[in-house]
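# Residue-level structure breakdown
Here's the letter readout for the chains.
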Amino acid sequence: MEKLLPFFPLNNTVKSDNAMSLVIAIVIYVVVAVVLGVLLALLGGIPVVGIITRIVGILVWIYEVVGIVLAILTFVQK
């Protein structure tokens, strides 16, 4: 898990004694995912760009899910 932490700097703010820090980290991940989802949906209508936006959308979704899981693990582990 320590090898992944540099890729997810938001998880450094999560503290085990402060549940609000976990909630804030998860909310930020969700808000970023929603904003990018809307942006990618708007760009997805263009034929060639649509394929690229799907790939970027999947990669962002994976990043968001891994970030949320690591935030929860950081909260539980510390």
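Here is what the cut-offs are and how they apply
- Residues numbered from 1 in each chain as written.
- Predicted model: local features only at pLDDT ≥ 70, side-chain atom pairs only at ≥ 80, totals over all residues.
- Heavy atoms only, no water.
- Helix = DSSP H or I, 4+ residues; strand = E, 2+ residues; numbered from the N terminus.
- Rg over C-alpha atoms; globule rule 2.2 N^0.38 Å.
- Buried < 20%, exposed > 50% of the residue type's maximum accessible area, 1.4 Å probe, protein only.
- Axes fitted to C-alpha atoms, helices over the stretch in contact; angles between N-to-C directions.
- Parallel < 35°, antiparallel > 145°, perpendicular 65-115°, else oblique.
- Nonpolar A, V, L, I, M, F, W, Y, C, P; charged D, E, K, R; others polar.
- Expected span 1.5 Å × (residues − 1).
- Contact = heavy atoms within 4.5 Å.
- Polar contact = N/O pair within 3.5 Å; in protein donor to acceptor, adjacent residues only side chain to side chain.

## What to know about the overall build of the protein chain
A tally of helices and strands in the protein chain yields two helices and zero strands. A compact globule built from 78 residues should have a C-alpha radius of gyration of about 12 Å, whereas the protein chain, at 15 Å, is more than 25% larger. Judged by the C-alpha coordinates and their principal axes, the protein chain covers about 50 × 25 × 15 Å. Here the protein chain holds 78 residues, and the buried ones make up 19% of them.

## Here's the deal with the environment of valine 23
Mapped onto the elements of the fold, valine 23 is located in helix α1 (residues 19-43). For the pair valine 23 and isoleucine 46, spaced 23 residues apart in sequence, the C-alpha to C-alpha distance is 36 Å.

## Overview of the packing of α1 against helix α2 (residues 47-77)
One way to put it is that α1 packs onto α2 with a least axis distance of 10 Å and a crossing angle of 175°. With respect to α2, the axis of α1 lies roughly antiparallel. The class makeup of the residues in the contact of α1 with α2 is 18 nonpolar, four polar and one charged.

## A word on α2
If you check α2, its first and last C-alpha atoms are 45 Å apart, about what 31 residues at 1.5 Å a residue would give, namely 45 Å. Among all positions in α2, only Gly50, Thr53, Glu64, Gly67, Leu70, Ala71 and Thr74 are buried. Against α1 lie the buried residues of α2.

## Comments concerning α1
Here α1 is 25 residues long and its end C-alpha atoms lie 36 Å apart, about the 36 Å a rise of 1.5 Å per residue gives. Those residues of α1 that fall on the buried side of the exposure criterion are Ser21, Leu22, Ala25, Tyr29 and Leu40. Looking at the packing, one finds that the buried side of α1 touches α2. The residue sitting at the N-terminus of α1 and contributing the capping side-chain oxygen is asparagine 18; that oxygen lies 3.2 Å from the backbone nitrogen of methionine 20.

## Re the environment of leucine 39
Structurally, the position occupied by leucine 39 is in helix α1. The spacing of leucine 39 and valine 23 is 16 residues in sequence and 24 Å in space, taken between C-alpha atoms.

## Describing the side chain of threonine 53
Here threonine 53 lies in helix α2. Given a relative accessible area of 8%, threonine 53 falls into the buried group. Polar contacts involving the side chain of threonine 53 include one to the main-chain carbonyl oxygen of glycine 50, which spans 2.8 Å. Setting aside its immediate chain neighbours within four residues, threonine 53 contacts Leu40, Leu43 and Gly44.

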